[in-house]
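For reference, the chains in residue letters:
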Amino acid sequence: NAVALGEAVAAIPGLKVFSPRIGSNMVFFESTLPDISSRQIFEALLARGVRMGMTYGNMIRAVTHLDVSGDDITRAGEVLASVVADLQSGLRKAS
């Protein structure tokens, strides 16, 4: 599941996955977008029911426990993509 989530994160422009070869049940990533912080993404994910954690400064940590299903991973990737798109859209509307 961590590999699938890592691939979903890596497919979203503006997000950087650390340790591209995911060998555990954790995925670490951060925003590389100039006006959108990892903290903003983290808070928006939480508001939409996707729980991850902030760690090591600007990184988001996702842990794929045994009780996290493939469908949960798919949903998390879809919500993450939506969050980033919505945050970018909000910036465009504000300018």
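Here is a short report on the structure shown in this document. None of these values were measured; they are calculated from a predicted model.

On to helix 2 (residues 38-47). Within helix 2 the residues assigned to the buried category are Ser-38, Ile-41, Phe-42, Ala-44 and Leu-45. For helix 2, the arc enclosing every buried residue in end-on projection is 165°, short of the 170-degree limit, so these residues lie on one face. Gly-49 occupies a position one or two residues after helix 2 and carries a positive phi of about 85°.

Grouped together as the largest cluster of nonpolar side chains are 25 residues, with contacts concentrated most on Leu-15, Phe-29, Ile-41, Leu-45, Met-52 and Leu-80. Secondary structure elements with two or more residues in this core: helix 1 (2-10), strand 1 (15-18), strand 2 (26-31), helix 2, strand 4 (59-63) and helix 3 (70-94). The dominant element in this core, judged by the number of residues it contributes, is helix 3, at six residues. When residues no more than four places from it in sequence are discounted, the contact partners of Met-52 are Phe-29, Phe-42, Leu-45, Ile-60, Arg-61, Ala-62 and Ala-76.

Bridge count for strand 2 against strand 4 is four bridges, and the pairing is antiparallel. In the sheet register, Phe-28 faces strand 4, and the bridge partner there is Arg-61. Relative to strand 4, strand 3 (residues 53-55) runs antiparallel, the two being bridged by three bridges. What sits directly across from Gly-53, in strand 4, is Arg-61. Taking the residues that link successive antiparallel strands as the turn, the strand 3-strand 4 hairpin has three residues, and the phi of Tyr-56 there is positive, at about 45°.

All chains considered together, the criterion is met by one salt bridge. Between Arg-48 and Asp-86 there is a salt bridge; the shortest N-O distance is 2.5 Å. Here the residue Arg-48 occupies a position in the loop between helix 2 and strand 3, and Asp-86 occupies one in helix 3, the gap between them amounting to 38 residues. Looking at Arg-48, the relative accessible area reads 34%, which means it is partly exposed.

Conventions and cut-offs
Residues numbered from 1 in each chain as written. Predicted model: local features only at pLDDT ≥ 70, side-chain atom pairs only at ≥ 80, totals over all residues. Heavy atoms only, no water. Buried < 20%, exposed > 50% of the residue type's maximum accessible area, 1.4 Å probe, protein only. Helix = DSSP H or I, 4+ residues; strand = E, 2+ residues; numbered from the N terminus. Arc of directions from axis to C-beta. Core = buried A, V, L, I, M, F, W, Y, C linked by side-chain atoms within 4.5 Å. Contact = heavy atoms within 4.5 Å. Pairing = 2+ DSSP bridges. Salt bridge = Lys/Arg side-chain N within 4 Å of Asp/Glu carboxyl O.

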